[in-house]
Amino acid sequence: MSTAASSSTSETIAEPGLKIKVSTKEGEVFELDEKVAKMSQVIRGILEDLGEQNGGDDSVLPLTQVETRIFRKILVWLKYHAGHDKEEAPKAEEDEIIARFCEEIPEWDQKFLNVDQAVILEIMLAADYLDIKKLRGLCCKTVANILKTKTVEQIREMYGIENDFTPEEEEEIRKQTAWCEDEPPRQGSNH
Amino acid sequence: MDQNDGLRNDRSSADRSFAREISYPRISKEGSSSNFSTFGSGDENSNEAILNSKEEAMDTSEEPFSPGLTGRELPSAERMVAMMHLSETAPSPTKDITRRLSQLGGGDTARFPGDFADIFLRFDHLGEEQQIQFAQELLLRMNQFQHGEINSYLKPLLKRDFISLLSNLGLHVLAEKILFKLDASSLRAAERVCHDWSRVVAEGQLWRKLIENNVRTDPLWRGIGTRRGWIRNLFRKYPLPQLGDTYYRQLYPIITRDIDTTERNWKLGNFALHKINCRSENSKGVYCLQYDDEKIISGLRDNTIKVWDRNNLQCSQILTGHTGSVLCLQYDERIIVSGSSDSTVRVWDIARGEMLNTLVHHCEAVLHVRFQNGMMVTCSKDRSIAVWDMLSPKDIALRRVLVGHRAAVNVVDFDDKYIVSASGDRTIKVWSTSSCEFVRTLQGHKRGIACLQYKERLIASGSSDNTIRLWDIECGACLRVLEGHEELVRCIRFDNKRIVSGAYDGKIKIWDLQAALNPLSLASSLCVKTLVEHTGRVFRLQFDEFQIVSSSHDDTILIWDFFNNSVVTLPQSAASGRSSTRIDGDNQPMALLAEPLAR
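Residues numbered from 1 in each chain as written. Chains lettered and ligands numbered in written order. Predicted model: local features only at pLDDT ≥ 70, side-chain atom pairs only at ≥ 80, totals over all residues. Heavy atoms only, no water.

### Here's the deal with the UniProt feature "domain: D" (unreviewed entry) in chain B
According to UniProt, the "domain: D" (unreviewed entry) feature falls on residues 120–159 of chain B. With 82% helix and 0% strand, residues 120–159 of chain B has end C-alpha atoms that lie 26 Å from one another. (UniProt positions renumbered as here; feature names shortened; annotations may be inferred. Helix = DSSP H or I, 4+ residues; strand = E, 2+ residues; numbered from the N terminus.)

### What to know about the nonpolar core
With 92 residues, the main nonpolar core has L179, W197, I211 and W230 of chain B as its most contacted residues. Looking at which element gives the most residues to this core, the answer is helix α7 (residues 117–130) of chain A, with 10 residues. The contact partners of I211 of chain B, leaving out residues within four places of it in the chain, are W221, W230, L234, Y248, L251, Y252 and I255 of chain B. (Core = buried A, V, L, I, M, F, W, Y, C linked by side-chain atoms within 4.5 Å. Buried < 20%, exposed > 50% of the residue type's maximum accessible area, 1.4 Å probe, protein only. Contact = heavy atoms within 4.5 Å.)

### Structural notes on the environment of H81 of chain A
Residues and elements named next belong to chain A. Tracing the backbone shows H81 in helix α4 (residues 68–84). Each C-alpha atom of the pair H81 and D109 lies 9.6 Å from the other, and the pair is 28 residues apart in sequence. Residue contacts for H81: discarding those within four places in its chain leaves M39, W108, D109 and K134.

### Section: the pattern of salt bridges
Residues and elements named next belong to chain B. This model, assessed by the stated rule, comprises 31 salt bridges over all chains. With its nearest N and O atoms 3.1 Å apart, the salt bridge here joins R141 to E137. Judged by its relative accessible area of 61%, R141 falls in the exposed class. Residue classification places E137 among the partly exposed positions, given a relative accessible area of 39%. The salt bridge involving E437 is made with R400; its shortest N-O contact spans 3.0 Å. In this pair, E437 is assigned in the loop between β16 (427–432) and β17 (438–443) and R400 in strand β13 (residues 395–403), connecting sequence segments 37 residues apart. (Salt bridge = Lys/Arg side-chain N within 4 Å of Asp/Glu carboxyl O.)

### Brief notes about the pairing of strand β19 (residues 458–463) of chain B
Along any regular strand, the residues point their side chains to alternate faces of the sheet. All names here are of chain B. With respect to burial, β19 is a largely interior element, 6 of its 6 residues being buried. Residues of β19 alternate between two faces, with L458, A460 and G462 on one and I459, S461 and S463 on the opposite face, all of them buried. Pairing geometry for strand β18 (residues 449–455) and β19, over 6 bridges, is antiparallel. If you follow C451 over to β19, its bridge partner there is G462. Where β18 folds back onto β19 in an antiparallel hairpin, the turn is made up of 2 residues, including E456, whose phi is positive at roughly 45°. Summarising the sheet, β19 and strand β20 (residues 467–472) pair through 5 bridges and their orientation is antiparallel. Within β20, the residue paired with S461 across the bridge is R469. The turn joining β19 and β20, which pair antiparallel and follow one another in sequence, is formed by 3 residues; a positive phi near 70° is taken by N466. (Pairing = 2+ DSSP bridges.)

### Description of unusual backbone geometry
All names here are of chain B. Backbone geometry places N303, a non-glycine residue, at a positive phi of 75°. Tracing the backbone shows N303 in the loop between β3 (295–300) and β4 (305–309). Positive phi is not limited to glycine here, since D555 has a value of about 70°. You can see D555 is positioned in the loop between β27 (547–552) and β28 (556–561). A residue is classified by how much of its surface remains accessible, and D555, at 2% relative accessible area, is buried.

### Re the side chain of Q290 of chain B
Residues and elements named next belong to chain B. Tracing the backbone through its elements, the reader meets Q290 in strand β2 (residues 286–291). At a separation of 2.8 Å, a polar atom in the side chain of Q290 contacts the main-chain amide nitrogen of Y331. Contact partners of Q290, with chain neighbours within four places excluded, come to K295, I296, I297, L329, Q330, Y331 and Q542. (Polar contact = N/O pair within 3.5 Å; in protein donor to acceptor, adjacent residues only side chain to side chain.)

Laid out in structure tokens, this is it:
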């Protein structure tokens, strides 16, 4: 794909800095700068476990659940952010929560994720698998932004979801919502 | 073509796009492609460093991850195996679509002439990129009507229900992470979509998380949580088992109702009034104050600083030392700094009440003091401003004196960027905090300026010309003149929503800040409420989301409480009875122990 092609992986020849080799599900091997590779907490973890003694040899980390197609996209993201982000410690879950509303999706990432929701889903799954929290968070946020401002019917329509609530359940929900908005809630209702 | 090939056909051709939903567990077929002559020429992968042959890699591609390599189980590996399993057995929307698709004839290659079988077979062995290119080639050969047909055929295929899918794949966490980023109204819509969605919202405790997030980011939420007592059901390391999702879902609208009521009380001027009578013996009057949830610290005309306990509104401490009226003060967790008409600035230990330091610098009354982050600024009737470095309460050194005003400097405020001062000379002056150099003068008030607050680019000032002006500090422009007070505007404060000002005629006015900043608003719509209770000049006030605390020449401190004090029933926990008493137990709003005045 052109996006991936435009930012080709670095050549094997004489460049300082450790290179990490990973293979995708299809078995295609990519060589990444250590900095880029370590943005995946999974790869970072493996490298730390391996320690220095294995560094530099020809071992390839198999990322068997990531398809080449998606890995190329992720590589574009990793390389951009490796070059543009400040070195930051992996954020705690807590920080993610605080960032929930205030964090706007940066323009570059917006463009990056301006793809079909199917592709976003795949990127999200792969980012989850590789434990790249920031990318996973961006994917979630992007989908959430699509959901926002949609009505129940619009969501069902968008995703082709059938309403599987029975009329009784719907009535119950309607009642619940009704008193949520108008009257004080009843007591001790649910068990 | 055998049975399996037919099945594979289904998946790989028309079904491909949504087959990606289960693409991770999908049985790899690409491995065999290397045996086949590929369609088209150049390998699109050529830009990447390909170090392994595809055949070699095939050996590992079926495994979730090779733990042997690392001796460490990958976090997601197990889940991926679960996904594999699920995708083969569990009924999922994908399967439905697959079925629908085969009904539509997507995989029925038999209807084409025999030699097409070969084309389909060869298509199946193309790389994904090439399959796309091939399909594009085909599309180019069709007309617009056909494109429309294909479009309407594709559209439903591209609809994928993320949430149910992730949830069914055992990836609840991801589904929750998406819905977690929704606001209340879209969360309410989400849980009504279908059972799967509703379950993700409930199991993810998303209502609790939403409330917790609001409490973290909005002082109004935090304040209501504290006053209503439900805050203790949040931020628990181990969620209370008796408080299920239902509790928090029901709690949410109760909170928003409390917020609405409080906002309405501000608009309508509904408040409970609490009064502290200072009973000063000689010279009566309270010049300055600052408060928090536990106490009010006030500077009095009788030269003392008095600390009031908010629980019983009784005086808990009296600090003496100043030999003139206490005109201004500010405190933090450790110290109180006060300025007086005795021309000194004094520093006190807040816990023990002892005087730690006396700064003799100004040669006339110290009219205002502000300190933060190791820096202090004082201003005086002597027309000068002093900038101090505070290394410790006992080690405070004069950094710089700012001269320029032609009359008493009544008030100063500052942040990292600017020091702002206002004077009886009718001007506001802006100085650089880092260099202490003069930046600009803001002119517009027709008489001396008595009070000012500066925050986030905005300055609000009150003057002896009875007006309030709002200024943009960066360009120096006056954004709005608020008219309505009938005497000198002595004190002013603002937050994101409102401005509250007090004047020499004893009146306090509440203004709508956002409306005031909108050039289209009518001047008559800006003053929301006028509060008339003080019987003397209003000297100083502070306010937050729930209350105004004001002090006056009339020797009183008034607490105006706009919180909705009516009793609110919190939702019952799932295991009602036992726990419910505890939840409703101390549901009493705090700081309401003093009797409201009869009005």
